[in-house]
Amino acid sequence: MPGVDGMAMLPEVIVPEAPLPCAPIPRAANAAGMEYVGIEEGKQRSGLRLVLTAGVPGPWGEAAKSLFHVKGIPYTAVRQIAGKVDETLRQWTHQTSAPVAILDDERPRSGWAEILFLAERLRPEPALVPSDPGDRARMLGVCHEICGEQGFGWNRRLMLFDPIMRDDAEAASSPMGWKYGYTPEAADAAPGRTLDILNLIATTLRQQRDRGSDYLFGDTLTAADVYWATFAAMVKPLPAEQCPMPDWMRPMYDLSNDRSDLDYDPIVLSHRDFIYKRYLSLPMDF
Ligand SMILES: N[C@@H](CCC(=O)N[C@@H](CS)C(=O)NCC(=O)O)C(=O)O
């Protein structure tokens, strides 16, 4: 994501104010300002800590925040800087990415499904995971297509890395390239996989609408709706008043700016708008 090693290599026309590699990303002028503590302080605290990449509406982080928001679970936000290999974070959480949820002295949870099940355990209502095993398997399958390995976010991230890393071996082998599996071949396959998943989401929403539901699964909010709403930032970010991200970053998140030939059904964005309006917190704060 932005701030990766090699960021300075981005063509000026795309990111005229791109920060230096691993530098904190300055807040956009209209951002409210989320309160973060540093990693060392977060580690000293008890309760629920959520390590987040500061300054960006990173979809995995926004999804984790939104799950806790829907359930009303408080947490301390801990600042991570995109692409930075922080030794204190590594020692504490056994990895260097964000998001990570850490409850007291339990093991750190850095995968989307682990964070979801922690939220379900801490506050079972409203349930975001169906109790029927068949429903649960189907709902989690959709979630995997959105946020899991080779999913929508995974492939959009490869597309975002591509202009930085394709012709720069050093950037491609940076911590971000290594962690998230950048290769030119993976990046070549990413737009097709992205479109396949957009079509899956659109078809599912249309089938649901035919049976009278605005949700991705069943008749109530599930984790799949929260994940889709937050990951749809990588189709098109919400407008600046609602998503105060740095101006230089916005075109990178916008799929039509990146690949205007990838034609997707606008229902994927109407669903995002519905979920944000009804359940999530706006303006976004990161
Ligand atoms: N944990 C996720 C990836 C998380 C991710 O991409 N995080 C974004 C922000 S939401 C980021 O910029 N991470 C910074 C980093 O890894 O240094 C995965 O397993 O795919």
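Residues numbered from 1 in each chain as written. Predicted model: local features only at pLDDT ≥ 70, side-chain atom pairs only at ≥ 80, totals over all residues.

## Points about the domain arrangement of the protein chain
- Partitioning the protein chain into domains gives domain 1 (7–122) and domain 2 (133–279).
- Using only C-alpha atoms to locate each centre, domain 1 and domain 2 end up separated by 19 Å.
- In this assembly, 29 residues from domain 1 lie in contact with 28 residues from domain 2.
- Going through the elements one at a time, α2 (59–71) and α4 (112–122) are the ones with two or more residues in the side of domain 1 that touches domain 2. (Domains from an automatic or database assignment. Contact = placed C-beta atoms within 7 Å. Helix = DSSP H or I, 4+ residues; strand = E, 2+ residues; numbered from the N terminus.)

## Structural notes on α2
- With 13 residues, α2 should reach 18 Å at 1.5 Å per residue; the first-to-last C-alpha distance of 18 Å fits that figure.
- A large share of α2 lies buried, amounting to 10 of its 13 residues.
- In the stretch just after α2, G72 is the one whose phi turns positive, near 70°. (Expected span 1.5 Å × (residues − 1). Buried ≥ 20, exposed ≤ 12 C-beta atoms within 10 Å, placed from the backbone.)

## Section: the environment of F274
- Along the chain, the position of F274 falls in helix α13 (residues 267–279).
- Residue classification places F274 among the partly exposed positions, given that 14 C-beta atoms sit within 10 Å.
- Along the sequence, F274 and I201 sit 73 residues apart, while their C-alpha atoms lie 15 Å from each other.

## Some points on helix α5 (residues 133–147)
- Here α5 spans 20 Å end to end across 15 residues, near enough to the 21 Å set by a 1.5 Å rise per residue.
- By the burial criterion, the buried members of α5 are M139, V142, C143, E145, I146 and C147.
- Buried residues in α5 make contact with α2, α4, α6 (152–165), α9 (184–210) and α10 (223–231).

## Quick notes on the nonpolar core
- In this structure, L67, Y227 and F231 are the most contacted members of the largest nonpolar core, which totals 71 residues.
- Ignoring sequence-local partners within four residues, the contact set of L67 consists of I115, L116, A119, L128, A223 and V226. (Core = buried A, V, L, I, M, F, W, Y, C linked by C-beta atoms within 7 Å.)

## Observations regarding the packing of α9 against α13
- Two elements in contact, α9 and α13, have axes whose closest approach is 9 Å; the angle formed by their N-to-C orientations is 70°. Comparing their axes, α13 and α9 come out roughly perpendicular. Crossing angle aside, the handedness with which α9 passes α13 is left-handed. Residue-level inspection shows L198, I201, A202, L205 and R206 of α9 in contact with α13, the latter providing I267, V268 and H271.
- Here the contact of α9 with α13 is composed, by residue class, of six nonpolar, one polar and one charged. (Axes fitted to C-alpha atoms, helices over the stretch in contact; angles between N-to-C directions. Parallel < 35°, antiparallel > 145°, perpendicular 65-115°, else oblique. Left-handed = near helix turned anticlockwise from the far one by under 90°. Nonpolar A, V, L, I, M, F, W, Y, C, P; charged D, E, K, R; others polar.)

## Things to note about unusual backbone geometry
- Cis geometry is adopted by the peptide bond preceding P99, which originates at A98 and carries an omega value of 0°.
- With respect to the helices and strands, P99 occurs in the loop between α3 (87–93) and β3 (100–103).
- For the bond running from L282 to P283, omega is -5°, close enough to zero to count as cis.
- Phi angles above zero are rare outside glycine, and H94 is one such case at about 65°.
- With respect to the secondary-structure elements, H94 resides in the loop between α3 and β3.

## Side note on the environment of K84
- Take K84: it is sitting in the loop between β2 (76–80) and α3.
- In this structure the C-alpha to C-alpha distance between K84 and S97, which are 13 residues apart in sequence, comes to 8.2 Å.

## Re the pairing of strand β1 (residues 48–53)
- Here β1 lies mainly inside the structure; five of its six residues are buried.
- Of the pairings in the sheet, the one linking β1 to β3 comprises four bridges and is antiparallel in character. Bridge pairing in β3 places L48 opposite L103.
- Relative to β2, β1 is paired through five bridges, and the arrangement is parallel. Looking at the pairing, V51 lines up with V78 of β2.
- Handedness of the β1-α2-β2 crossover: right-handed. (Pairing = 2+ DSSP bridges. Right-handed = clockwise from strand over helix to strand, strands pointing away.)

## Considerations on the environment of S173
- Residue position: S173 is located in the loop between α7 (169–172) and α8 (175–179).
- Taking the number of C-beta atoms within 10 Å as the measure of exposure, S173 has 14 and is therefore partly exposed.
- Separated by 10 residues in the primary sequence, S173 and T183 have C-alpha atoms spaced 9.2 Å apart.

## Remarks on the packing of α10 against α13
- Their axes nearest at 9 Å, the elements α10 and α13 cross at an angle of 110°. With respect to α13, the element α10 is oriented roughly perpendicular. The handedness of the crossing between α10 and α13 is left-handed. Facing D225, V226, W228 and A229 of α10, the residues of α13 in contact are H271, R272, I275 and Y276.
- The residue inventory of the contact of α10 with α13, partitioned by class, reads five nonpolar, one polar and two charged.

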